[in-house]
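Secondary and tertiary structure notes
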Amino acid sequence: MKVLIVAKTRRGSAACVGGITETGKSVRLIDPHEGKDAGMEYNVGEVWLIDGEPARQTIPPHTENYMVRRGRRLPEQIDLVRIIEPPIWFFIASPFSFSCS
């Protein structure tokens, strides 16, 4: 599956990496063989082709954990929005459009 990397935070010498799949699902990429530099290969804005599976056991708040078997960075994307499903737009009415009568 394709994953757009949207967040990367340090966790000691490793990194916690968050992404959005091509279907719009949030994932937290987990290396099952976490080592010293786990997750450091990912960078925000990159698109990766990831092979893996959802974690069998999750502990809230990390229910989006995805165990990575292998991954490959894809060439730079011109339009990153096209790799994920378009969002559902919610229209919020202006507070000035309501009548108090």
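Relevant structure appears above.
Report follows, based on the coordinates. Residue numbering note: each chain is counted from 1, following its sequence as written. Totals for whole chains, interfaces and linings use every residue, but because this is a predicted model, local features are given only for residues with pLDDT of at least 70 and side-chain atom pairs only at 80 or more, for both listing and counting. Side-chain measures were taken over the full set of non-hydrogen atoms in the model, leaving aside hydrogen atoms and water.

1. Remarks on the pattern of salt bridges
One side-chain nitrogen of Lys or Arg within 4 Å of one carboxyl oxygen of Asp or Glu is enough to make a salt bridge. For the coordinates displayed, the defined rule picks out five salt bridges. Close ionic contact of Glu 46 with Arg 73 constitutes a salt bridge, the shortest N to O distance being 3.9 Å. One end of the pair, Glu 46, is in the loop between strand 3 (26–30) and strand 4 (47–54); the other, Arg 73, is in strand 5 (residues 65–73), and 27 residues separate them in sequence. What you see here is one network of salt bridges that share partners, running through Asp 51, Glu 53, Arg 56, Arg 69 and Arg 70. Counting from the N terminus, the helices are DSSP H or I runs at least four residues long and the strands are E runs at least two residues long.

2. Notes on the side chain of Arg 28
Along the chain, the position of Arg 28 falls in strand 3. It is Glu 64 that comes nearest to the buried, bridge-free Arg 28 among opposite-charge side chains, at 5.0 Å. The contact rule is simple, with two residues in contact once any of their heavy atoms fall within 4.5 Å. Excluding residues that lie within four positions of it along the chain, Arg 28 makes contacts with Arg 11, Cys 16, Val 17, Gly 18, His 62, Glu 64, Asn 65 and Tyr 66. Only protein chains enter the calculation, and the probe is 1.4 Å; a residue is then buried if its accessible area is under 20% of its type maximum, exposed if over 50%, and partly exposed in between. A residue counts as positive if it is Lys or Arg and as negative if it is Asp or Glu; His and the chain ends are not included.

3. Let's talk about the pairing of strand 5
Strand pairing is assigned whenever DSSP detects at least two bridges linking the two strands. Bridge analysis of strand 3 against strand 5 gives three bridges, and the strand direction is parallel. Paired with Arg 28 across the strands is Asn 65, a residue of strand 5. Where strand 4 meets strand 5, seven bridges bridge the pair, whose relative direction is antiparallel. Residue Gly 52 lies in a different strand from strand 5, and its bridge partner there is Val 68.

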